[in-house]
Amino acid sequence: MTEEKWEPKVVAFVCNWCTYTGADLAGTSRLKYPANMKMIRVMCSGGIDPVFIIKAFERGADGVLISGCHPGDCHYNAGNFHARRRWTMFHQLLEYLGIDKNRLQFSWVSASEGKKFVDVVSKVVNDVRELGPFKGYKELNSEFTAVVNGLKQEVNKAEAVNG
Amino acid sequence: MDELRNHVKEMLANGTVAAVIGYKEAGSPMRTKPVIITAPEEAILLVFNEYCLNNLAVYLTKARVKNLARVNGTIKKLGIVAKPCDVHAVIALIQESQLKREDVYIISFNCNGVVKDYGETLTGETIASKCLHCDARQPLYHDKVFGELKDLPASPDEELAKIKSFDDMTSQERFEYFKNEFDKCIKCYACRAACPMCYCTQCITDKTIPRWVESSAHGRGNFSWNLIRAFHLSARCVGCGECERACPMDIPLSLINRKMLEVAKNDFAYLSGRNLETPTLVGSFDVKDKEEFIL
C-alpha cells in the first residue's frame, strides 16, 4: 500500500452495556463517523486484558480505543473502576516504552451519548492519522520474516528441482 | 553469624519451624547460594553478609518447599532468612494471599547493603543500585532481627537519572532503545523464575489456546513478552532487582520496573509490600482515582 492511500486502522474495544449501545444510537441517529474503526464488543471494560491491545498492535492496528461506562454506571458495579487503575499503569508503561500515548486512547461513553461516541472516534482516528502508520511495531519482526521467507524460497527451489 | 546459627538451631530443635531457607557459602567467602535447612545440626552452614544477593522469598510459593512445612498432618512454620527488602516480597505474597503470616517465620537483619556482583568488596562503586534508594534498611515485619546498622557507602543514583533522561527523548527514540534491548532476549524466562511475585502456576506466555504471547525469540515475541511481564509486575514488583540479575542478556529490566514503581508512587502513593493491612493496588480501587487521560 502506498503512503498516499494509507488509511489508519483503529481497533476499538467497547463495553456491551454503554459504549456499544452508544454506538448503536449513533447509527440509529444517522450520525457519521470514520469507517477506520473496527469495533470489538466485550462484556465489560474491566474484562479487557492488556494482551488484547498488544495483540491488536501485533496484527497491524495503528491505534486502539478502549471505551466503557462512566464511573459508577458499570453494569457489574465496579468493573470500570478496576479497569481505570489498570489503564493508568498500562498507559504510562506503553508511553515509557515508546508507544505514543495517542495510539492508545480511553473514553467513557454512555448508552445515550451517540454524539460523544462520534466525537471520540473522529478524534482518535485523526490523532492516529497524524501519527502515521505504526511502522515501529510492524517492523519489529522484519528480520525474522525475511529469514522465514528466504527459507521458504529455498524449499520451493528444492521442490522444483526434485519435481 | 553465630547468633543466626544458634537461633536457627534452636528453632529447628524445638520444632517452631519445619525448615529454614537461608544462604550458605558457595566456594568462596565472597559468594553465597541458597540452602534449605531441615536438621538443627545443619544450621552451622548458614551465613549472612553483603554477598547474600538472592531474594529467597521466591522459594516460599514453590510446592516442594511448602510441602516441607507439612509435618505429620499439621502445617508448621517455614523459616526464611530475608534482607529487609526481601521482607517486602514476603509481605506482598501475604497481601496477595499466597501465604499466611503465621505460616512464615521471618529472620531478618538490619541491612548494610549488598554488592552488585559476587567477589567485590562493598564500596560506593560496587554497591547494588537498589541499595542507593533503599527506604527500609530495618525490616518492617520480622520474628527475629539481628545485626546493627552502619553507614551505607554513598554513590549517585544513576538508575533514576537514566529513567529521568528518558523524559527528554521522543517516543520513537524510546521505542528504538527498548526494541534494541528486547532484541537481546532469548526467552529463557530466567526473569520469571527469579521473581518472587511471578508465582502463577500457568503463565500467560505458556498458554497456547489462544497463543497470547508469541513464544519465538523474535522482535515481536520479545516485545510482547517483556511488555506483559512488566505490566503484570507493575505496582506488584517490590524492586528486589532479581530479574535483572538473573538475565543472561543484561536487559535493563530494573529500568522498567523502577519506572512503574515511580508511577504507582506518584499516582496512587502506593508502595508494594510495605503494609500487611492494605489491599494491593491492582486488587482494589478508589472512586476518586485520577482519570485525566480518559476522554
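Predicted model, so just to flag it, every value in this text is computed and none were measured.

(A) Highlighting the overall build of chain B. If you tally the helices and strands in chain B, you get 10 helices and 8 strands. Taken over C-alpha atoms, the radius of gyration comes to 20 Å for chain B, in line with the 19 Å a tight globule of 295 residues would show. The dimensions of chain B, computed from C-alpha atoms along their principal axes, are 60 × 45 × 40 Å. For chain B, with 295 residues in total, the buried portion stands at 39%. Taking as baseline every contact in chain B between residues at least 6 positions apart, the subset at least 24 positions apart corresponds to 72%.

(B) Fine view of the overall build of chain A. On a plain count of helices and strands, chain A comes out with 6 helices and 4 strands. Put simply, chain A runs from its N terminus to its C terminus through helices and strands in the order β-α-β-α-β-α-β-α-α-α. For chain A, the C-alpha radius of gyration of 19 Å lies well beyond 15 Å, the compact-globule estimate for 163 residues. Projected onto its principal axes, the C-alpha positions of chain A cover 65 × 35 × 30 Å. Counting all 163 residues of chain A, 45% fall into the buried class.

(C) Summary view of the nonpolar core. Within the largest apolar cluster, 119 residues are counted, with the highest numbers of intra-cluster contacts made by V10 of chain A together with I80, V81 and V90 of chain B. The residues touching I80 of chain B, leaving out its near neighbours within four places in the chain, are I21, L56, A57, L60, V90, V104, I106 and I107 of chain B.

(D) View of the domain arrangement of chain A. In terms of domains, chain A is made up of domain 1 (10-132) and domain 2 (134-163). A separation of 35 Å is found between the C-alpha centroids of domain 1 of chain A and domain 2 of chain A.

(E) Just helix α6 (residues 171-183) of chain B, in detail. Residues and elements named next belong to chain B. Given a rise of 1.5 Å per residue, 13 residues ought to cover 18 Å, and the 18 Å separating the end C-alpha atoms of α6 matches this to within 8%. Listing the buried residues of α6 in full gives S171, F175, F178 and F182. Seen end-on, α6 carries its buried residues on one side only, within an arc spanning 75°. Opposite the packed face of α6, turned more than 90 degrees from it, sit the exposed residues Q172, E173 and N180.

(F) Examining the confidence of the model for chain B more closely. For chain B, mean pLDDT is 89; residues scoring 70 or higher make up 100% of the total. On the interface metric, ipTM, the complex scores 0.88, and its pTM is 0.88.

(G) Fine view of the pairing of strand β7 (residues 104-109) of chain B. Residues and elements named next belong to chain B. The element β7 is largely enclosed, with a buried count of 6 among its 6 residues. Every second residue of β7 is oriented toward a common face, with V104, I106 and S108 on one face and Y105, I107 and F109 on the other, all of them buried. With 5 bridges joining them, strand β6 (residues 77-82) and β7 adopt parallel strand pairing. Among the inter-strand pairings, A82 is bridged to a residue of β7, identified as S108. You can see the chain leave β6, run along helix α3 (residues 84-95) and come back into β7, and the turn it takes is right-handed. Note that β7 and strand β8 (residues 144-146) share 3 bridges and pair parallel. Considered in β8, the bridge of I107 is made with K144.

(H) Examining the packing of helix α3 (residues 79-96) of chain A against helix α10 (residues 253-268) of chain B more closely. Taken N-terminus to C-terminus, the directions of α3 of chain A and α10 of chain B make an angle of 135°; their axes are 10 Å apart at the nearest point. By the angle between their axes, α3 of chain A is oblique relative to α10 of chain B. The handedness of the crossing between α3 of chain A and α10 of chain B is right-handed. In this structure, α3 of chain A uses T88, M89, Q92, L93 and Y96 of chain A to contact α10 of chain B, whose residues at the interface are K259, M260, V263 and D267 of chain B.

(I) Examining the sheet that holds strand β1 (residues 10-15) of chain A more closely. All names here are of chain A. Strands sit in the order β2-β1-β3-β4 across an open sheet of 4 strands; the sheet is parallel. Because the sheet does not close on itself, it has two edges, and the strands there are β2 (37-42) and β4 (104-108). Taking the axes of each pair of neighbouring strands and ignoring which way they run, one obtains an average angle of 20° across the sheet. One ladder, built from 5 bridges, connects strand β3 (residues 63-68) with β4; its direction is parallel.

(J) Region of interest: the domain arrangement of chain B. All names here are of chain B. Looking at chain B, the domain boundaries give domain 1 (2-146) and domain 2 (158-268). Contact residues are listed per partner, giving 16 residues for domain 1 and 15 residues for domain 2. Mapped onto the side of domain 1 that touches domain 2, the elements with two or more residues apiece are α3 and α4 (129-132). The leading source of residues in the side of domain 1 that touches domain 2 is α3, at 6 residues. For the side of domain 1 that touches domain 2, the class distribution of residues is 8 nonpolar, 6 polar and 2 charged.

About the cut-offs
Numbers given to residues run from 1 along each chain, matching the order in which its sequence is written. Lettering of chains starts at A and numbering of ligands starts at 1, both following the order in which they are written. With pLDDT at 70 or above as the cut-off, local features in this predicted model cover only qualifying residues; side-chain atom pairs require 80 or more to be listed or tallied, and sums for whole chains, interfaces and linings still use all residues. Numbered from the N terminus, helices here are DSSP runs of H or I no shorter than four residues, and strands are runs of E no shorter than two. Atoms counted for the radius of gyration: C-alpha only. Globule rule: 2.2 Å times residue count to the power 0.38. Exposure criterion: with C-beta atoms placed from backbone coordinates, a residue whose C-beta has 20 or more other C-beta atoms within 10 Å is buried, one with 12 or fewer is exposed, and one in between is partly exposed. For every residue pair, C-beta atoms are placed from the backbone, and the pair is scored as a contact if these atoms sit within 7 Å. By convention the nonpolar core is taken to be a set of buried residues drawn from Ala, Val, Leu, Ile, Met, Phe, Trp, Tyr and Cys and joined through C-beta atoms within 7 Å. As annotated, the domain borders come from an automatic or database domain assignment. Expected helix span is computed as 1.5 Å times (number of residues minus one). Our arc is simply the arc of the directions from the helix axis toward the C-beta atoms. Looking at any residue, its pLDDT shows the predictor's confidence there, from 0 to 100. At least two DSSP bridges between two strands are required for those strands to pair. By the criterion used throughout, a crossover qualifies as right-handed when its path from the first strand across the helix to the second strand runs clockwise, the strands pointing away from the viewer. Axis angles are defined between N-to-C directions and span 0 to 180 degrees, where every axis is a line fitted to C-alpha atoms and, for a helix, only to the segment in contact. Orientation labels follow simple angle bins: below 35 degrees gives roughly parallel, above 145 gives roughly antiparallel, 65 to 115 gives roughly perpendicular, and whatever is left gives oblique. Left-handed describes a crossing whose near helix is turned anticlockwise from the far helix through less than a right angle; right-handed describes the clockwise counterpart. Residues were grouped as follows: Ala, Val, Leu, Ile, Met, Phe, Trp, Tyr, Cys and Pro as nonpolar; Asp, Glu, Lys and Arg as charged; and all remaining residues, including Gly, as polar.

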